[in-house]
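Survey of secondary and tertiary structure
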Amino acid sequence: MKTFCGRANPTTGAMEWLEEDESYDYHQEIARSRYADMLHDKDRNVKYYQGIRAAVSRVKERGEKAIVLDIGTGTGLLSMMAASAGADFCYAVEVFKPMANAAVKIVEKNGFSDKIKVINKHSTEVTVGPDGDMQCRANILVTELFDTELIGEGALPTYEHAHKHLVQEGCEAVPHRATVYVQLVESKRMWSWNKLFPVSVEAEDGEKIIVSPSEMKNCPGVPSVCDIQLNQMPSSDFTILSDVVTMFSVDFSKPVRSASTCYRVQLETVKPGKAQIVLSWWDIDMDPSGKINCTMAPYWVKPTSALQWRDHWMQCVYFLPNEEPVFQGENVYLTAYRDEYSVWYKLQKAREEENKADVHVESPVCRCQAHLLWNRSRFGELNDQNRTCQYIKSLMKVLKTDSACLCISDGSLLPVLAHYIGAKQFLKANHLEDKIKILEARPESLTSSHLEDKKISVLLGEPFFTTSLLPWHNLYFWYARTAVTMHLASDVTVLPQSASLHMMIVEFQDLWRIRSPCGTCEGFDVRTMDDMIKNSLNFRESKEAEPHPLWEYPCKSLSDPQEVLTFDFRRTVPQHCLSAEGSLNLLRKGKSHGAVLWMEYHLTADTSVNTGLTQISNDKGNCEWNPHCKQAVYFFSSVIDAETQADLPSAVTYAINFNPKTGEITMDFKL
Ligand code: SAH
C-alpha cells in the first residue's frame, strides 16, 4: 500500500507530499532503533542470563516445570537464554510485527522452535487456557521493558496485567526488582536548560538587562524526561547537595500497581547551595538476593566498577519547579510523583502532614509557552552569554538608529537585543509593545502593509527554526530571505551574511556501536537482526546523515576539519546545485567510523557562531563540540561492519551536493 504524507520541508519550508510505503515507518523504527545497542550491552546481557539461570534453578529445585513468559521478546534473546538454562517452555510475546517475525526466524535458526512460542500480540491481548495463546500461566516472568526513566515504556501497566492474568502467584521474576535513586544538585549548566537567565546587553548608554517575564520564571516546564549521558557531564559542572538516596523500588515478582502515587524521602543536605536539579537513575536486581545487579549509576557513584557504555539507558535530569536555597545539614523532603508512564519531583522544606501526601499533584504543564517552543538545548543556547555577545557585537556593527529590521527565526531574542542596542523599528519578536511587532505571516505571504510600506534595511536571523533536525535545515533562513526579497532595501544588510558547512572524519569512542552488527550475542546467533537493520538502513535510496549531540559522544578527529560548502545569504537561493568534491587526509591512526558535519554562521565579515567543533583539545585529537547543538553524523558502514582493522586508508574522498529545489544535502564517501 502507498500513502501520501504531507509535511513541510524543513529546509525549503515548502509543503510537499511524499509517497510513503507503509513499511517506511517500521524501517525507520528498526533502522534507528535501540535493538543493536541493547544487543551490544554486554553487562545487561550477562546479568540477564545469570538471573534467568538462577530463576530456572529455583523453580526446578521446587520440583516444578519451568514455564517462562517473556514479554517484549524483541529478538527472542531472553527466551533463548531461558530455554538454554533448562526452561521447559517459553512464551515469547512481541507486539511489533517485524520484530516478532524476526524472533521466529532467530529462534528457529538457534534450534529452539520446540521450546519457544512467539506470540505476536501486546501482552494485554494474550489469552491463557487450552485454546489460548498460552496453555497455562507461567511461573517465571522475564521482561526488559525499561527506558531511561524506568517506566516510560509502560512497564508498570504491563506488569500489573501480567500478574493478574498471565503468571502464577509467587512466580519468579527476572529482573526481580528495580530501584530508582536520586541525588540533589545545583548546576548552572543544567538549570540553563529549563529557565531563561537574564541577558546582559552592553549598549551605548550603559548595560541593560533583559529579564524573562514572571510567568516564565515560575513556569514548571514540561513533563517529558530529560535523558542524557550523564557520564559526559564533568564534575565541575554541578555541585552535589545530597547523598544518593533510594526514591522507590518495584518488586516485579509480586502484583504491581500502576496507578498514580507518590514517594517521599527526607534528605540532609551536605553542602549549601541552590537545589535546582534532581539527578536520577535506576538499577535492577536480577535475583532476590541482589547479587546480580545491573546499574545505571554515573561515574562518581561507583568509581571502582568499569562503566558499561550504553545509549538505550542513560540517566535522567529532573528540574525542580523552582530553585530552593539550602544550607548545609538542612533537612528537606523530596517527593517523587508518578503516573503510569512518567515521574516528576517536588522539594519541600517542612514536612507536610503525613496523610496529606497529595498523590494527585499534576505533572508539570508549561504555562509560559516557552517550554513548548524551546527544547532543553535551545534554552541552553539562548542562555549562552558568549554566543549572545557575538550577536550583540555584530548587531552593533550593522544597526543604525533608522534601521528597519526584519527578523526571521523561531522564538528568537534577536529583536529584543536589537531594540536595546538602538534599532528604531523592529518587526518580529515578543512584546516590547510598539517597538517590536510580531508578524504572524509566513515569509512568502508577507505584504508591504505588514511592513508599513517600509523597505527592510537589516534582515536578521540566528538562524534557528524549531523544525530543524539536521544542521543544514536552518538554511530555511535562506529560503525565507529569498521569499521576502522584494521587501528588502537595495542596500540591505543580511545577518548572518553567509553560512558554511564543515566536515571532519572521526573515530567514535562508543557511538559506532549503535550502527554496528552484533553477530552473536551471548552465544546466540542474531544475524537475522543485523540483516534486518541493514535492510532498513538501505531502505531509502541514499543513506542519510543523522543528528547526534556530540558533546555526549566522545570521538577523536582523524582528519582536519574542512569547509565544504558555503551559502551566501546576501544573494537569493541559486537555481543550480552547489557541490563539492575532494579528499580529507587522515592524520591519525584510528577507525574512520564516519564523517561529522556542522554549520557555521558568519554574522558579519569577522564574527561567526559555530554549531559544531569548538576545539580539538589535545594531540590525541579529542574533540569538543558545541554543547547546545546536534551535529550530523554519517556512518561509514564498511568500516563499522569490518571484523578486523583492514589496512588503514590514508584519505577519504567525498562528494557533497546541495540541491536548492529540495533543500537536501546528499553525500557520498570513498575510503
Ligand atoms: N527482550 C529483548 C528486547 C527488549 S526491547 C531484549 O532484551 O533484547 C522491548 C520490546 O518489547 C520491544 O520490541 C517492544 O516492541 C516490546 N514490547 C513492549 N511492551 C510490550 C507488551 N506489553 N507486549 C508485547 N511487547 C511489548
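Residues numbered from 1 in each chain as written. Predicted model: local features only at pLDDT ≥ 70, side-chain atom pairs only at ≥ 80, totals over all residues. Heavy atoms only, no water.

An α-helical turn contains 3.6 residues, so any two residues separated by three or four positions project in the same direction. With nine of eleven residues buried, helix 6 (residues 155–165) is to be regarded as a mostly interior element. Of the residues making up helix 6, those classed as buried are A155, L156, P157, T158, Y159, E160, H161, A162 and H163. Buried-residue contacts for helix 6 involve strand 3 (67–71), strand 6 (138–143), strand 7 (167–174), strand 13 (245–251) and strand 18 (331–338). (Buried < 20%, exposed > 50% of the residue type's maximum accessible area, 1.4 Å probe, protein only. Helix = DSSP H or I, 4+ residues; strand = E, 2+ residues; numbered from the N terminus. Contact = heavy atoms within 4.5 Å.)

To continue, consider the pattern of salt bridges. Using the criterion set out here, one finds 30 salt bridges in the structure. For E330, the salt bridge is made with K349, and the minimal N-O distance between the two is 3.0 Å. Taken together, the residues E330 in the loop between strand 17 (315–326) and strand 18 and K349 in the loop between strand 19 (343–348) and helix 9 (370–373) connect sequence positions 19 residues apart. The exposure class assigned to K349 is partly exposed, which follows from its relative accessible area of 33%. Residue R527 pairs with D525 through a salt bridge whose shortest N-O separation is 2.8 Å. Judged by its relative accessible area of 44%, R527 falls in the partly exposed class. By relative accessible area, which is 13% here, D525 ends up buried. (Salt bridge = Lys/Arg side-chain N within 4 Å of Asp/Glu carboxyl O.)

Neighbouring the ligand are 18 residues; Y35, R44, G72, E94 and S123 lie closest to it. Here an oxygen atom of the ligand and a side-chain polar atom of Y35 are 2.6 Å apart. S123 places a polar main-chain atom, nitrogen or oxygen, 2.9 Å from a nitrogen atom of the ligand. Protein burial of the ligand: of its 580 Å² of free accessible surface, 90% is covered by the chains. For the shell around the ligand, a count of residues per class yields eight nonpolar, six polar and four charged. (Near = heavy atom within 4 Å. Polar contact = N/O pair within 3.5 Å; in protein donor to acceptor, adjacent residues only side chain to side chain. Areas by Shrake-Rupley, 256 points an atom, 1.4 Å probe, with all protein chains shown as cover. Nonpolar A, V, L, I, M, F, W, Y, C, P; charged D, E, K, R; others polar.)

Quick look at the pairing of strand 37 (residues 664–670) now. The alternating pattern of strand 37 places I665, M667 and F669 on a buried face and E664, T666, D668 and K670 on a face that is not buried. Here strand 36 (residues 651–659) runs beside strand 37; their pairing, made up of seven bridges, is antiparallel. The residue of strand 37 that forms the bridge with F658 is I665. As consecutive antiparallel partners, strand 36 and strand 37 are separated by four residues, and within that stretch G663 has a phi angle of approximately 75 degrees, a positive value. (Pairing = 2+ DSSP bridges.)

An order of 5-4-3-6-7 is seen for the five strands of this open sheet, with the pairing classed as parallel. Both outer strands of the open sheet, strand 5 (116–119) and strand 7, are each paired with one neighbouring strand and no more. Sheet twist, expressed as the mean angle between neighbouring strand axes with direction ignored, is 25 degrees. Running over the sheet, helix 4 (residues 77–84) touches strand 3, strand 4 (89–93), strand 5 and strand 6 and is turned about 175 degrees from strand 4. (Axes fitted to C-alpha atoms, helices over the stretch in contact; angles between N-to-C directions.)

A few words now on empty space enclosed by the protein. In this approach a probe as big as a water molecule rolls over the atoms, and the regions it shows empty are the leftover space. Going through the model one piece at a time under the given rule, you end up with three cavities of 30 Å³ or more. Roughly 90 Å³ of internal volume is contained in the second largest cavity. Every residue lining the second largest cavity is listed: V199, E381, L382, R387, T388, Y391, S412, L413, L414, L417 and E462. Its residues placed into classes, the lining of the second largest cavity shows six nonpolar, two polar and three charged. (1 Å grid on protein atoms, 1.4 Å probe; cavity = no way out; pocket = protein on both sides within 12 Å on 5 of 7 lines; lining within 4 Å. Points joined across faces, edges and corners; volume = space filled by probe spheres on them.)

Mapping H163 onto the fold places it in helix 6. Exposure remark for H163: the relative accessible area of 12% places this residue in the buried category. One polar contact links the side chain of H163 to the main-chain carbonyl oxygen of K254, over a distance of 3.1 Å.

One open sheet accounts for three strands, arranged 14-18-19; its pairing is antiparallel. Looking along the sheet, the strands with just one partner apiece sit at the ends: strand 14 (261–268) and strand 19. Within the sheet, the average angular offset between the axes of one strand and its neighbour, ignoring direction, is 20 degrees. Here six bridges tie strand 18 to strand 19, and the two strands are oriented antiparallel to one another. Bridge pairing links R338 to V343 in strand 19.

Moving on: the packing of aromatic side chains. For the coordinates displayed, the defined rule picks out 27 aromatic pairs. On the numbers, 5.4 Å between centres and 75 degrees between planes, the contact of F477 with F569 is edge-to-face. Of this pair, F477 sits in helix 13 (residues 476–483) while F569 sits in the loop between strand 29 (562–568) and strand 30 (578–585), and the two are 92 residues apart along the sequence. Among the aromatic residues, those joined into a cluster by ring pairs are F146, Y159, F252, W282 and W313. It is R378 that lies over the ring of F464; its NZ or CZ is 3.7 Å from the centre. (Phe/Tyr/Trp six-rings, centres within 6.5 Å; stacked < 30°, edge-to-face > 60°. Lys NZ or Arg CZ within 6 Å of the ring centre and 35° of its normal.)

We now examine the domain arrangement of the chain. On domain assignment, one finds that the chain holds domain 1 (3–32), domain 2 (34–177), domain 3 (178–193 + 211–367), domain 4 (384–495) and domain 5 (498–509 + 554–670). Every contact between the two is made by four residues of domain 1 and, on the other side, seven residues of domain 4. For the pair domain 1 and domain 4, the summed buried surface comes to about 510 Å²; carbon and sulfur atoms form 59% of the total. On the domain 1 side of the interface with domain 4, the three residues burying the most area are P10, T11 and T12, jointly 85% of the side's total. Connecting domain 1 to domain 4 are two residue pairs in polar contact (both at pLDDT 80 or more). Here the residues of the side of domain 1 that touches domain 4 sort into one nonpolar, three polar and no charged. (Domains from an automatic or database assignment. Buried area = accessible area lost by both parts, 1.4 Å probe.)

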